[in-house]
Amino acid sequence: MSETNLKELIRWADENGVFIHEKLGFEYRIGHGVSCIIKKPILDSERRGLIKVPKRLIISPEIADDFAVKYLQGMAIDTEDINRNLIFFLAKMKFDELSQDYIHLKPYIDYLPHDGKSTGNPYFWTMEEKELLEGTDTAIFMKRNFLRDLENWKASVSQLDVNEHPQLKDELLEYEAFKMGPVGGVAVDYLLNKKKISWTSFTAYLWAKCIISSRAFPYLLWVGENSKYKNHAFMLPIVDLLNSEDCNNSKCSWTVENGCFVFTTLDDVDKLEEGSELYNNYGDKSNVEFLLNYGFCMKDNTKDITTLTLKIDAAVIKGAKDYGVSIPEDSTEDSVNYVLKRDQPIPPNLINLFAYLVKLKSERKGFTLRMKLEGLAQLKAIIKTKLRTIKSVTVIESSSVSPVNAKTIKTYRKSQKDIFQKTLDDIEKLEKNLLTKFKPFSFKKALTQDTRFMNAFLVVFGTRTYNDLLEKELIDHAVLLWIMRIANKDSYNLEELPDASVLPQFVYQEFERVKKSVVVDNDDIAEYLPMYETLFPALCEKVPSVFGRGNWTLNYLIYAATVSDRLTYKRESSGEVFFIKPT
């Protein structure tokens, strides 16, 4: 598109009954494109009906269907893409000789971007630019949509007569190359951006899809809810020149009056000063939608989202549903998709899902505090991995990465990073709130009061503090031994024990339940025997006052491990272990 095309388009619109308020003008700037500039301040009384386009100038679904009858004879109408005929209409008008039936639309067709790269859409970016989107939702959706459109294109053009369209023979062979996806290497890049475009090619099909996604309007405005075309799109000359404001705050209305599409700005007059731009509003969309539909991102998009997709066995998903976890409707048989929103907290059912995933067999009902805390820890680990992936890419301008696209990619990746960081912060706040509200028993605090037990570690391992146990990775050993100490508390003299509150009764009771219900098998012995042999009989010999009383057998160590699984939670940020009542 050039300034000449723009001037011809405006002249054509004027000659064909389009009303453009005299205070408006359209300007083309290299690197920025077209803008609607306010030449003189617009008064409050002038905001309504700034642009009016008669219906005879739109490209409607009816026109697209009439075209299909003439030029796509024999092609089945049923298709996954309801705008298929409009797609082929635009491709035919742009990349083939313009039929006399539609010659009156030539200025509008000439104005449309002359190739895929000129649309600004990521599908037509360089391979290097598209690779910089890896690890994001956009990369996933691009591939999925690209392959879906490829299949729709093939299903359609395979019905055309190759004798009438001989170029199709080679284009159908290109299908296998395109199956590699949008980042498919040199072959795909050549077919999308370097090879001359034929109107029946997949490149032309994809170009038309991008034109519709970035410029079309809902035909519902004209036909109403009862029409078969209520979900279709239509092309609207002149109004589709209007940009969206960077902050997406501009307000406007679209109406149909007396056979004309009427554009009205709802912005305050202080935004309609001389030299300002008149904006459309593209709606509340995430940056993924803005990027894939329009080729740009909003810097501070409060409506931005990202998707957390989890691969989970189908049986586990069913079990979660049966347990009361609500699974998103767009999930598949073996994966679930949760949306993380910039302006909303973590979805409660995402937390419940992770609580279910760490559920023990002994937890048969509801979501316990232990399940919630352990689930949050698992979710936190995944979010941290996502953050590392987002941060791992450095976007640098080069001969293959344009300044405009580099800026867009940086904006998009930062927005994604901000959502994951907010999610991580929310998880940590929720964890802190749960610990504050329910006040689970602190093992760290117990060790400071059970000095006889803590001193035993000084003799055996040379550790003086809780942090020493963490640094030497002995905290799990200490937890199991402390559970065994509680199980053996009746074997000590009262003066040898700390205050009774330091040895919680609920831990003792859980140990007794485990001892009665758990059958130690060979797998248990194989798992815990190496640890046991590093501790005993050395502990009994060196500190008999603690470890020489009661039962310190391998079976007791295995029971203690089961109790630990059921009752403990270790806070990642501090390494502090909490014992949680099984409620």
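Residues numbered from 1 in each chain as written. Predicted model: local features only at pLDDT ≥ 70, side-chain atom pairs only at ≥ 80, totals over all residues. Heavy atoms only, no water.

## Observations concerning the domain arrangement of the protein chain
Accessible area lost during the coming together of the parts is what is often quoted as the interface size.
Argument step 1. Here the protein chain is described as being made up of domain 1 (1-8 + 18-58 + 236-297), domain 2 (61-216), domain 3 (304-438) and domain 4 (441-579).
Argument step 2. Once you take the C-alpha centre of each, domain 1 and domain 2 turn out to be 27 Å apart.
Argument step 3. Taken together, the contact between domain 1 and domain 2 spans 15 residues of the former and 22 residues of the latter.
Argument step 4. At the boundary of domain 1 with domain 2, total buried surface from both sides reaches about 1600 Å², with 59% on carbon and sulfur atoms.
Argument step 5. Where domain 1 touches domain 2, the interface holds 0 salt bridges.
Argument step 6. Broken down by secondary-structure element, the contributors of at least two residues to the side of domain 1 that touches domain 2 are helix H1 (3-15) and helix H13 (287-294). (Domains from an automatic or database assignment. Contact = heavy atoms within 4.5 Å. Buried area = accessible area lost by both parts, 1.4 Å probe. Salt bridge = Lys/Arg side-chain N within 4 Å of Asp/Glu carboxyl O. Helix = DSSP H or I, 4+ residues; strand = E, 2+ residues; numbered from the N terminus.)

## Notes on the packing of helix H21 (residues 475-487) against helix H22 (residues 505-517)
Argument step 1. Between H21 and H22, the least distance of the axes is 9 Å, while the angle of their chain directions is 90°. When the axis of H21 is compared with that of H22, the two are roughly perpendicular. In this structure, H21 uses Ile483, Ile486 and Ala487 to contact H22, whose residues at the interface are Val507, Tyr508 and Phe511.
Argument step 2. Across the contact of H21 with H22, the residue classes tally to 6 nonpolar, no polar and no charged. (Axes fitted to C-alpha atoms, helices over the stretch in contact; angles between N-to-C directions. Parallel < 35°, antiparallel > 145°, perpendicular 65-115°, else oblique. Nonpolar A, V, L, I, M, F, W, Y, C, P; charged D, E, K, R; others polar.)

## Details of helix H10 (residues 186-193)
Argument step 1. Among the residues of H10, Val188, Asp189, Leu191 and Leu192 are the ones counted as buried. Buried residues of H10, viewed axially, fall in a sector of 165°; they line one side.
Argument step 2. In this structure, the buried side of H10 is in contact with helix H6 (127-131), helix H7 (137-157), helix H9 (175-178) and helix H11 (202-215). (Buried < 20%, exposed > 50% of the residue type's maximum accessible area, 1.4 Å probe, protein only. Arc of directions from axis to C-beta.)

## Some details on H21
Argument step 1. The first and last C-alpha atoms of H21 sit 18 Å apart over 13 residues, in line with the 18 Å expected at 1.5 Å per residue.
Argument step 2. The buried count for H21 comes to 12 of 13 residues, which makes it a mostly enclosed element.
Argument step 3. Taken residue by residue, H21 has Ile475, His477, Ala478, Val479, Leu480, Leu481, Trp482, Ile483, Met484, Arg485, Ile486 and Ala487 as its buried positions. (Expected span 1.5 Å × (residues − 1).)

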